[in-house]
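Survey of secondary and tertiary structure
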Protein chains: 2
Amino acid sequence: MDKLERRDFLKKASAATLAGGAALVAGCASPKQQEAPTVRSTRTYEWKMVTTWPPHFPILGESADMLAQWVEEMSRGRLKIHVYGANELVPAFEGLEAVSQGVAQMCHSASYYWAGKAPASQFFAAVPFGMNAQQMNAWILGGGGLKLWEELYMPFNLVPMPVGNTGFQMGGWFNKEINTVGDLKGLKMRIPGLGGKVIDKAGGSPVLSPGGELYTNLERGVIDATEWVGPYHDYLMGFYKAARYYYYPGWHEPGTVIELFANKNAFEQLPKDLQTIVRTAAARSNVWTLSEFESKNNIYMNKLINEHNVQLRQFPDEVLQTLRKFSQEVVDEVVETDPMSKKVFESFSAFRKNVTGWSQVSEKVYYARISL
Amino acid sequence: MDKLERRDFLKKASAATLAGGAALVAGCASPKQQEAPTVRSTRTYEWKMVTTWPPHFPILGESADMLAQWVEEMSRGRLKIHVYGANELVPAFEGLEAVSQGVAQMCHSASYYWAGKAPASQFFAAVPFGMNAQQMNAWILGGGGLKLWEELYMPFNLVPMPVGNTGFQMGGWFNKEINTVGDLKGLKMRIPGLGGKVIDKAGGSPVLSPGGELYTNLERGVIDATEWVGPYHDYLMGFYKAARYYYYPGWHEPGTVIELFANKNAFEQLPKDLQTIVRTAAARSNVWTLSEFESKNNIYMNKLINEHNVQLRQFPDEVLQTLRKFSQEVVDEVVETDPMSKKVFESFSAFRKNVTGWSQVSEKVYYARISL
């Protein structure tokens, strides 16, 4: 689907929604007439949430479904959210436009998918050699990150919030060993965001495919390599059938934030209690999501290694050092050409410096000396 | 206050509450008669939450206040929670009895304070050389921990849930250097839970003081040393005025879970939407709390070192190795004498093994090779 076709698609979807009844349009509500009026509003809202994930996809899709359920329960049915998998309502990477225009009221995704529209969005998902899950949450929730994120999404008529985290990721699936950076040359690899630009610098060709198409692309040789998430997800995707070497560490995504954003008008038209319900459900999903990844990854790592003969490999120091240098260059380039990226990255890197100082006597020491 | 006095106190508090009106008793509700009846119940509930922390204490007390606010907002005033600091309604360490008996409907605390009543409770707060915040959440929420915790609290008529985490803690404040385990001999140190038993094994005298009394005890020499939380809290407590050496790592509390528990009858009498609101608010508080500690600790660590000449010290390997051995012995003793502790620790240690396997290719590598 090219740009023009996509725009048509969105227009049609938007028109269809409008034709389908005002109740489904962003922020428009259908008062339940059958109920006696009370002091408290009983206005109900029906929202659509599009996602970047296949329908009911483990953890990511599941958490979107659970969020909708929690919101419905807490609001006693006053806010109903219908969750759509990628391509069920709009294509996987059309969530931003769809919610911006009110085709849907919400999107569950990862913000680096919108790098083409807002380069600074990448800093709210994953930065190569950046911060892990605990640190990203601390920056966004306790270090001023959310305010900048809101500022960034304002022109798109969107309100963003964190809704999950994948935790530290794996480096990806390859069919040859990566002994030097030279081994990345010519490689067509699925890798989004800033990590993709780093692979580009290393002479590879980064490709952005939605999750639903990844396995087929890898199996058919449309791509030579792919990163995705971690052992649990990667096992379910079946990558071990199409690639042999499984690399760590995931230098490009140390703790990828899953985002939830709402159409700003729709969100602001919600009464205060429903706004708080949405924000609180998002936070519950945040801790649930990370806990699921953290509890399942090792089980599936063992399956991959013991049942499917996957070869676990660690990137050599030389490779990581070069990728770190490239990452710095990539970030510098983004920051030089985009004032908002500069502003966001200044906050990001000041916070990283701060939190890394603390980790020297805390988490780093935990992993090195306490948890053996 | 001795045991008998405490029991009297609780009885009186309970009687006072009963006399004060049925609306304040666990689970009893006052239907709002001024509202027209609707399909949805408009019954309101007024709850009391006791805490182990000084009133409005930074992060811990603040998060209890915020939780009450979120619950009130989300429920549109149908569940109002009044938060009491330690000793405002019942003494700091009487929360379990108070909520069990319905003097209050909720308590915000840390479960190792109830070790005398339920030894296994310690495993849901902090285990020396155990799991950190991310891993504890994963065990409790994604690894079966919560079910065991509920089973443990059932005989007390309580429903527990995680509501926060302090993150990795510091080793504590001392007025002499700790170069060998022998330096711990004879030391009166405030340290709760299993860590306290380890200090006992090392020849020290563990003391359990509530936060509100700690500084005075340290300053007056009632105790020689204390651990508390981390740089942010420890700075606010003023410990740097009474002790010179600040040690890391906090081997005894790698990621202490803050707990919320409710009187079981009261909780079960809440309609489903209010139950979900409480659980969801607790999860939001969980991620908020850890993010606050993570974002503030380094700032205050710098203040302690640069403005107050605090001497930062690392426990030598030999000390940690001996404390690790003692910790294993302490856990073995608890597990041998208490079947529920055995059951809980089996789950805990199986999960720790699992998650530590994953950390070898993820967080451990992140701190060692990515975040420099």
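Residues numbered from 1 in each chain as written. Chains lettered and ligands numbered in written order. Predicted model: local features only at pLDDT ≥ 70, side-chain atom pairs only at ≥ 80, totals over all residues. Heavy atoms only, no water.

**Some remarks on the overall build of chain A**
This is how it is decided: A helix here means a DSSP run of H or I that spans at least four residues, while a strand means a run of E at least two residues long, and both kinds are numbered starting from the N terminus. Any two residues whose heavy atoms approach within 4.5 Å at even a single point are treated as in contact. In this description, accessible areas are obtained by the Shrake-Rupley approach with a 1.4 Å probe, and a residue is regarded as covered only by the protein chains that are shown.
Scanning chain A from N- to C-terminus turns up 13 helices and 11 strands. Restricting the contact set of chain A to residue pairs at least 6 apart, pairs at least 24 apart contribute 77%. Of the roughly 13,100 Å² of accessible surface on chain A, a fraction of 51% belongs to carbon and sulfur atoms.

**A few points about the side chain of Gln169 of chain B**
All names here are of chain B. Where we set the bar: A 3.5 Å cut-off defines polar contacts: any pair of N or O atoms within that distance qualifies, except that in protein one atom must be a possible hydrogen donor and the other a possible acceptor, and neighbouring residues in sequence count only when both atoms are side-chain atoms.
Inspection of the secondary structure puts Gln169 in the loop between strand S4 (158-165) and strand S5 (172-174). Within the local environment of Gln169, its side chain forms a polar contact with the side chain of Thr166, the two groups lying 2.9 Å apart. At a separation of 3.2 Å, a polar atom in the side chain of Gln169 contacts the side chain of Thr256. Not counting residues within four places of it along the chain, the set of residues in contact with Gln169 comprises Glu227, Trp228, Val229, Pro249, Gly250, Glu253 and Thr256.

**Considerations on the interface of chain B and chain A**
This is how it is decided: The term buried area means the drop in 1.4 Å probe accessible area that two parts suffer when joined, counted for both and summed. The term salt bridge refers to a side-chain nitrogen of Lys or Arg lying within 4 Å of a carboxyl oxygen of Asp or Glu.
The partner chain A presents 79 residues to the 79 residues of chain B that form the contact. Taking both partners together, chain B and chain A bury about 7,300 Å²; carbon and sulfur atoms supply 57% of that area. Taken together, the connections running from chain B to chain A amount to six salt bridges. Salt-bridge contacts for Asp317 of chain A lead to Arg369 of chain B; the nearest nitrogen and oxygen are separated by 2.6 Å.

**Describing the pairing of strand S3 (residues 106-109) of chain A**
All names here are of chain A. Keep this limit in mind: Think of it in three bands: with a 1.4 Å probe and only protein chains considered, a residue is buried below 20% of the maximum accessible area for its type, exposed above 50%, and partly exposed in between. Strands pair, by our definition, only if DSSP identifies at least two bridges between them.
Covered by surrounding structure in S3 are Met106 and His108 together with Cys107 and Ser109, the residues of both alternating faces. Two strands pair when backbone bridges link them, and S3 and strand S10 (residues 257-263) are joined in this way by four bridges, in the antiparallel orientation. Bridged to Cys107 within S10 is Phe261.

**Some remarks on the packing of aromatic side chains**
Residues and elements named next belong to chain A. Basically, it comes down to this: Aromatic rings from Phe, Tyr and Trp, taking only the six-membered ring of Trp, are treated as a pair when their centres fall within 6.5 Å; an angle between ring planes under 30 degrees marks them as stacked, one over 60 as edge-to-face, and anything in between as tilted. Lysine NZ or arginine CZ positioned within 6 Å of the ring centre and within 35 degrees of the ring normal marks a charge as sitting over the ring.
If you walk through the whole model with that rule in mind, you get 51 aromatic pairs over all chains. Measuring from centroid to centroid gives 6.5 Å for Tyr113 and Trp114, while their planes differ by 75°, and the two rings are edge-to-face. Across the pair, Trp114 and Tyr113 agree in class, each one buried. The residue whose ring lies beneath Lys241 is Tyr215, and the NZ or CZ to ring-centre distance is 5.7 Å. The residue whose ring lies beneath Lys296 is Tyr232, and the NZ or CZ to ring-centre distance is 5.5 Å.

**Side note on the relation of the copies chain B and chain A**
The operation relating the pair of chain copies consists of a rotation about an axis and a translation along that axis. The condition is simple: Least squares is the method for superposing the copies, and the C-alpha atoms it fits come from residues with pLDDT of at least 70 in both.
The transformation that overlays chain B on chain A combines an axial shift of 0.0 Å with a rotation of 180°, and the residual RMSD is 0.0 Å. Both copies are brought into coincidence by an operation consistent with a two-fold rotation axis. For chain B, the minimum C-alpha distance to the rotation axis belongs to Arg284 of chain B and amounts to 2.7 Å. Counting the interface residues of chain B, we find that 100% of their copies in chain A are interface residues as well, pointing to one common contact surface.

**Comments concerning helix H13 (residues 363-370) of chain A**
The α-helix winds at 3.6 residues per turn, so residues separated by three or four positions along the chain end up facing the same way. Counting buried residues along H13 of chain A, six of its eight residues qualify, which places the element largely inside the surrounding structure. Here H13 of chain A has its buried residues at Glu363, Val365, Tyr366, Tyr367, Arg369 and Ile370 of chain A.

**Topic: helix H6 (residues 193-201) of chain B**
All names here are of chain B. Of the positions making up H6, those classed as buried are Gly193, Leu194, Gly195, Gly196, Val198 and Ile199. Contacts from the buried residues of H6 go to strand S6 (188-190), strand S7 (205-207) and helix H11 (317-337). Positive phi shows up at Gly203, right after H6, with a value of about 95°.

**Some remarks on the sheet that holds strand S1 (residues 45-51) of chain A**
Residues and elements named next belong to chain A. Heads up, the rule is: Note on geometry: axes are lines fitted to C-alpha atoms, helical ones only across the stretch in contact, with angles between N-to-C directions running from 0 to 180 degrees.
Strands sit in the order S2-S1-S3-S10-S4 across an open sheet of five strands; the sheet is mixed. Strands at the two margins of the open sheet, each flanked by one partner only, are strand S2 (79-84) and strand S4 (158-165). Averaged over all adjacent pairs, the angle separating strand axes in this sheet is 25°, with direction ignored. Packed on one face of the sheet, helix H2 (residues 60-74) meets S1, S2, S3, S4 and S10 and runs near 165° to S2.

**Topic: the pattern of salt bridges**
According to the stated counting rule, one finds 28 salt bridges over all chains in the structure shown. Arg76 of chain A is the partner of Asp273 of chain B in a salt bridge, and the nearest nitrogen-oxygen pair spans 3.6 Å. In this pair, Asp273 of chain B sits in helix H10 (residues 272-308) while Arg76 of chain A sits in the loop between H2 and S2, so the two residues belong to two different chains. Using a relative accessible area of 6% as the deciding quantity, one classes Asp273 of chain B as buried. One continuous salt-bridge network, built from bridges that share partners, spans Lys201, Lys325, Glu329 and Glu333 of chain A.

**Some points on the pairing of S1 of chain A**
All names here are of chain A. Here is the rule we go by: By the criterion used throughout, a crossover qualifies as right-handed when its path from the first strand across the helix to the second strand runs clockwise, the strands pointing away from the viewer.
With six of seven residues buried, S1 lies mostly within the body of the structure. Taken together, the six bridges between S1 and S2 define a ladder with parallel strand orientation. Residue Tyr45 lies in a different strand from S2, and its bridge partner there is Leu79. With H2 bridging S1 and the parallel S2, this β-α-β connection has right-handed handedness.

**Some remarks on the packing of helix H2 (residues 60-74) of chain B against H10 of chain B**
Residue and element names in this part refer to chain B. Stated precisely, the cut-off is as follows: Left-handed describes a crossing in which the near helix is turned anticlockwise from the far one by less than a right angle; the clockwise case is right-handed. Lys, Arg, Asp and Glu make up the charged group, whereas Ala, Val, Leu, Ile, Met, Phe, Trp, Tyr, Cys and Pro make up the nonpolar group; the residues left over, Gly among them, are polar.
Axis separation between H2 and H10 bottoms out at 9 Å; the angle between their running directions is 145°. In the packing of H2 onto H10, the handedness of the crossing is right-handed. Contacts between H2 and H10 involve Leu60, Glu62, Ser63, Met66, Leu67, Trp70, Val71 and Met74 from the first element and Ile277, Val278, Ala281, Ala282, Arg284, Ser285, Trp288, Thr289 and Phe293 from the second. Of the residues contributing to the contact of H2 with H10, the split by class is 12 nonpolar, three polar and two charged.

**As for the sheet that holds strand S2 (residues 79-84) of chain B**
All names here are of chain B. Sheet architecture is open: five strands sit in the order S2-S1-S3-S10-S4, paired in mixed fashion. Each having just a single partner strand, S2 and S4 make up the two edges of the open sheet. Neighbour to neighbour, the strand axes of the sheet diverge by 25° on average, direction disregarded. This element, helix H4 (residues 133-142), spans S4 and strand S10 (257-263) of the sheet and lies at about 155° to S4. On top of the sheet, helix H5 (residues 145-153) reaches S4 and S10; it is set at about 130° to S4, its chief contact.

**Considerations on the packing of helix H10 (residues 272-308) of chain A against H4 of chain B**
In a packed pair of helices, the relevant descriptors are the angle between the two axes and the axis-to-axis distance. Selection criterion: Should an angle lie under 35 degrees it is considered roughly parallel, over 145 roughly antiparallel, and from 65 to 115 roughly perpendicular; all remaining angles are considered oblique.
At a minimum axis separation of 8 Å, H10 of chain A and H4 of chain B run at an interaxial angle of 90°. The angle between H10 of chain A and H4 of chain B falls in the class roughly perpendicular. For the pair H10 of chain A and H4 of chain B, the contacting residues are Val287, Leu290, Ser291, Glu292, Glu294 and Ser295 of chain A in the first and Gln134, Gln135, Asn137, Ala138, Leu141 and Gly142 of chain B in the second.

**Brief notes about the environment of Gln328 of chain A**
Here Gln328 of chain A is to be found in helix H11 (residues 317-337). The spatial distance from the C-alpha of Gln328 of chain A to the C-alpha of Lys364 of chain A is 22 Å, given a sequence separation of 36 residues.

**Some thoughts on unusual backbone geometry**
Residue Pro249 of chain A is reached from Tyr248 of chain A by a cis peptide bond, and omega for that bond is -5°. Along the polypeptide, Pro249 of chain A turns up in the loop between strand S9 (245-248) and S10. Unusually for a residue other than glycine, His56 of chain A sits at a positive phi of about 55°. The topology assignment puts His56 of chain A in the loop between S1 and H2. Phi angles above zero are rare outside glycine, and Asn157 of chain B is one such case at about 65°. Within the secondary structure layout, Asn157 of chain B lies in the loop between H5 and S4.

**Focus: the confidence of the model for chain A**
All names here are of chain A. We count it as follows: Per residue, pLDDT measures the predictor's confidence, with a range of 0 to 100.
On average, residues of chain A score 91 in pLDDT, and 89% of them are at 70 or above. Low pLDDT, under 50, characterises residues 1-38; the stretch is placed with 55 contacts to residues that sit more than four places away or in other chains. ipTM for the predicted complex: 0.90, alongside a pTM of 0.90.

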